[in-house]
Structure formats: structure tokens, C-alpha cells
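Below, each chain spelled out in residue letters.
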Amino acid sequence: MLWGSNARETHPIFFHHVLKAVKRGARLYVVDPRKTSTADWARAWLPVEVGSDIALANAFAHAILAESLEDREFIGRATSGFEEYQKVVERYSPEAMRSVTGVDPDAIRLAARDYATAKNAMICWTLGITEHHNAVDNVLALINLGLLTGHVGKWGSGLNPLRGQNNVQGGGDSGALPHKLPGFQDVEDDEVRSRFERVWGRRIPPKNGWHLTQMFDAMEHGKLTTLYVIGENPAQSEANANHCLKLLRGLEFLVVQDIMMTKTAELADVVLPASASFCEAEGTVTNSERRVQRVRKAVEPPGEARDDIEILSELSKRLEVDIGFSTARAAFDEMRMLSPMHRGMTYERLEALGGIQWPCPDETHPGTPFLHGRLQENPVRGPRAKFHPTEHAPPVDRVDAQFPIRLTTGRRLDSYNTGVQSGGFESPLRRGETLDLSEDDARKLSVLDGERVRVVSRRGSVEAPVRVDPSLRPGLAFMTFHFPEEVDTNLLTIDATDPKSGTAEFKASAIRVEKL
């Protein structure tokens, strides 16, 4: 089940594996507001209204419970909080949720029945779930379905957030999170912190740091005046772009370390040219299935560009806090020493085994092909998995008479994010930015395919050519972020954020369209 994921265009390599399974008889369901090219391969497409994923997931649960398809043995042995969860989903019948989700009750029941009764079943999701003001609750609603049916902790089943960028998993594993040290160890845990402090020879602040949204909030209130940006382009990737640019320009000091001269780099006081990690540096990369693999240097960085670790090492010396190494291998060996889930991974083992999936606690361990296997043991080792009842909450940016169309955003197959890298080469698939409208909305607005219009939200406006898309439902529009030089879509998006994850609600803005 691909939920909020147009994997055919946004994760094409992964989708090749999905297609192999479909051709062998696997049943594919696609939950998405748009009838994407991914949906063309599905047994059924469930056209969920933007921002109603919790209502739909709870309706799935209602249908499963109504037909007694839940895994009672697994629930009783491996989970907690089921009774409270059951009480919540009792109010979410497929019929009652039809007006909220836009999905036919019979389609919900068929998909729920197939998911619950399958020998192996997996739910995969991407930004269609997480770029909402209630992102964490959206994810918890899907996890609840896995617990309800016992589709966790066994081969071929599970819950998989497909990673949107290369090595995003490895970044989190290595501690690139404001509340975690390498190996997902809590910053606020005194014992954990002390282990790192002994190795690093420095005191670590005992409180969680800021996530991205909190950093921008701190900029606004003068609490954050210096910013070091590595491999990120917030000037064009953040919601409510006008506000974001104002805050970046107001910094006292901005450093950008990147392989391209991004719009953020153009604002910087200092730009440090870095290497392209996939071919100009040694190291490791971790994919969506937690497989840590070696990356080998193929070519030298051009000009004055230097390896990221070399830059950070030299900078640490100038700051008189020498990190003690200047190679990727030395950094990885330190992480192995401090992160229990990486301890058994050596460069030699990674190369000999073609990568290893964490956790890998010692050098005799083969790695872990799937997570949470303990939940299938009897008795369960460790704590039970908890159900988290979640309630539907509509998008913050409400559709009304003044802004009657829901704008959702995403990617296309030929381009990537803000186009910094993919915009540097041509593609026969590529077309410029457009406002994609349904045939019904184009007719009501008296606009033609290719006609330039003004798109207005509560935060800003842009001009863009119309593209009439027969796959879109009335009231739904679509744009990408790929061509900010042509059309800066993030002038329209809302920076309402999920308080738990800090993710902005890129997927749900309200707009109107004006003729020029």
C-alpha cells in the first residue's frame, strides 16, 4: 500500500521493485489525492481528500474490526492501548468518513480486507503523509493499522517511510537530528551523553536542540544570529518563502557549504565549496532499508572544492576544538565505538558483505534484515508496541469562497527539489512550471491550456501557465518546487508546522486563480 507516495515518479528505482512484485501477483493499492502514474498500476486508487489521511486510516481500522479481521493474538501479546484505540475508531465508519475523505466506503472495505488478510503486507509513505501540520499523527495512524493486523516484525511486512533524498537515513543515524546523538541515542539521557563527552572531551548541552522550524522562529526573535548551512537550500525550499528570505537576510553571519552556488549561498557571508559525496569522497551511505554501504572516491573534487569532513576538520582546528580526524573512515570508526547499532560494522565487513543492515551489535552479527522481530516472539522481549489513537484535523489553510481551490505540491520524474542539481542538465521529459488544474476548474475559470494566470494564496502570489490535467479532481490543483527561478511556488505555501516534527504543511494550501 503506497500512501501519499507517487513512487513511479519520485522513487523510480524503488518502484521498479514494486512493479516486479505486481507482475508476480502482488496487490497494489495507492492512496493519493491525485490519480498519478503510480495509480495506473494499482488494483485500486483511493482518491483521499488532502489532509484527511487520519480519517481514512481510522475508517480502515473500523472496517477491519467490523469484520473481525484484526490479529487478536498479536494484539493481546505484543501491544498496549488497544481498547482506547478501538473506542476512537468506532466513530470512523467508512460511511461516516465518506464526506471527509472523499473515498467510497466499499473501496475502503475492499482495501482494508485485502490488507488485513494478506500473508504479508506493507504500508509505504512519503511526503504526502509527513508534510502536514499533523504529520506525526498521520504516521501514527498508519502504524496503528500495522499493529491492528500484526503486519510488523516479520519478513515482507512492515511500515516503511520511503526516504526522499540520498542518505537521509544515514544522516539521522549519524546524529543529524536536534534531539539525538549517533545511533538514535537521546541527547537528554545523562548516561548516554557522558559516554560521548568522555570521547569528545567536551560538554554536550543537556537539552534537545532546535529543529528547522524552531531555528527560523529563533531567527525571528533574535535568538539565532549565526547559521551554518551544509547541503541545504532553505532560501528556495522552505514554505512561505518571503518570510524565510527576510529571516536569512537578517542574520549577522551566514556560512554555506555546498557543491553548487545555491540561492542560499548567494546570501552567505562565506561559501565553502564542498565535494560531491557520491563520487568525490570516501565514506558510507545508508538506504531506506537501513543498509550501510561503502562509497568510494572516483574523481578528485574540482577547483578549490574539498571533502566535507576535511572542511569540518580544518574548521575545528581553527576553532581550537580539534575533532581529531579528517577521514570518513576515522569518523565511522568513532561512530562504531559510540553507537551500539553500528558496532559490528567495519569497512572490511561492509565491503565483503555488500553492506550491512543495522542494528549490528558485534563483528559476528550478520545485520538485521527487518525490524521489530521481537514483537513476533512469545513472550515479547522488551516493551509492547503502543497504539496511539489519533483524531482527524483538517488543514490549517482552509478552502473558502475567497480561496476556493486546494493546492498540493510534489515532484516530477525529471526534476529534483529546487532544481539546483537537476536544473543543470536537459531532459526530454522536462517542461517548465505550470499550475495543473482539473478540466472542470479550467472551464469554470474560462482559462485555456498554456494561458498564464495569477495564483494567489493568503501569503503571496505568482504567475504561471495553466496545464489542464484530466487526472485531477475538481477543486484540486498541483505545482512543484523545481523551477523557482520561473515560478517560486513557496511564495504560496503555508508555514503552519507540526509541533512534534517541525514539518511545514507544504501539501495543503488554499488558493484562487485570477485571469491576467
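Quantities reported herein were computed from a predicted structural model and do not represent experimental measurements. (Residues numbered from 1 in each chain as written. Predicted model: local features only at pLDDT ≥ 70, side-chain atom pairs only at ≥ 80, totals over all residues. Heavy atoms only, no water.)

**Considerations on the sheet that holds strand β10 (residues 253-258)**
- One open sheet accounts for three strands, arranged β9-β10-β11; its pairing is parallel. For this open sheet the edge positions go to β9 (226-230) and β11 (270-273), each flanked by a neighbour on one side alone. Across the sheet, the mean angle from the axis of one strand to that of its neighbour is 10°, orientation sign disregarded.
- As paired elements, β10 and β11 share four bridges and run parallel to each other. When the bridges of β11 are listed, V256 appears paired with V271. (Pairing = 2+ DSSP bridges. Helix = DSSP H or I, 4+ residues; strand = E, 2+ residues; numbered from the N terminus. Axes fitted to C-alpha atoms, helices over the stretch in contact; angles between N-to-C directions.)

**A word on the sheet that holds strand β5 (residues 122-125)**
- The strand order across the open sheet built from five strands is β3-β2-β1-β5-β6, with neighbouring strands paired in parallel fashion. With one partner strand each, in any of the chains shown, β3 (44-46) and β6 (158-161) form the two edges of the open sheet.
- Sheet topology places strand β1 (residues 2-3) next to strand β2 (residues 29-31); two bridges connect them, and they run parallel. Bridge assignment links L2 to a residue of β2, and that residue is V30.
- Sitting on the sheet, helix α9 (residues 135-149) touches β1, β5 and β6, and the angle it makes with β5 is about 170°. (Contact = heavy atoms within 4.5 Å.)

**Describing the side chain of T262**
- Among the structural elements, T262 can be located in the loop between β10 and α15 (263-267).
- If we ignore the near neighbours within four places in the chain, the residues touching T262 are N233 and V420.

**Describing the nonpolar core**
- Grouped together as the largest cluster of nonpolar side chains are 48 residues, with contacts concentrated most on W3, F60, L145 and L148.
- Of all the elements in the fold, those that place two or more residues in this core are β2, β3, α3 (53-66), α4 (72-78), α5 (82-89), α7 (105-117), β5 and α9.
- If you tally residues by element for this core, the top one is α3, at 10 residues.
- If you look at the next biggest cluster of nonpolar residues, it comprises 19 residues, including I405, L407, V453 and L492. (Core = buried A, V, L, I, M, F, W, Y, C linked by side-chain atoms within 4.5 Å. Buried < 20%, exposed > 50% of the residue type's maximum accessible area, 1.4 Å probe, protein only.)

**Remarks on the domain arrangement of the chain**
- Under the domain assignment, the chain is made up of domain 1 (2-162), domain 2 (165-209 + 274-364), domain 3 (212-272) and domain 4 (405-515).
- Placing a centre on the C-alpha atoms of domain 1 and another on those of domain 2 gives a separation of 34 Å. (Domains from an automatic or database assignment.)

**Comments concerning the pattern of salt bridges**
- All chains considered together, the criterion is met by 41 salt bridges.
- The partner of R294 in a salt bridge is E351, with the nearest N and O atoms 3.1 Å apart. Of the two residues, R294 sits in strand β13 (residues 291-295) while E351 sits in helix α18 (residues 347-353), which places them 57 residues apart along the sequence.
- Given the relative accessible area of 13%, R294 is considered buried.
- On the basis of relative accessibility, which here comes to 41%, the residue E351 falls in the partly exposed class.
- R512 serves as the salt-bridge partner of E514, at 2.8 Å between the closest nitrogen and oxygen. (Salt bridge = Lys/Arg side-chain N within 4 Å of Asp/Glu carboxyl O.)

**Side note on the packing of helix α6 (residues 94-101) against α7**
- Between α6 and α7, the least distance of the axes is 9 Å, while the angle of their chain directions is 110°. What the angle tells us is that α6 and α7 run roughly perpendicular. Of the two possible hands of crossing, α6 and α7 adopt the one that is right-handed. Together, P94, E95 and R98 of α6 and P105, I108 and R109 of α7 make up the contact between the two elements.
- In the contact of α6 with α7, the residues fall into three nonpolar, no polar and three charged. (Parallel < 35°, antiparallel > 145°, perpendicular 65-115°, else oblique. Left-handed = near helix turned anticlockwise from the far one by under 90°. Nonpolar A, V, L, I, M, F, W, Y, C, P; charged D, E, K, R; others polar.)

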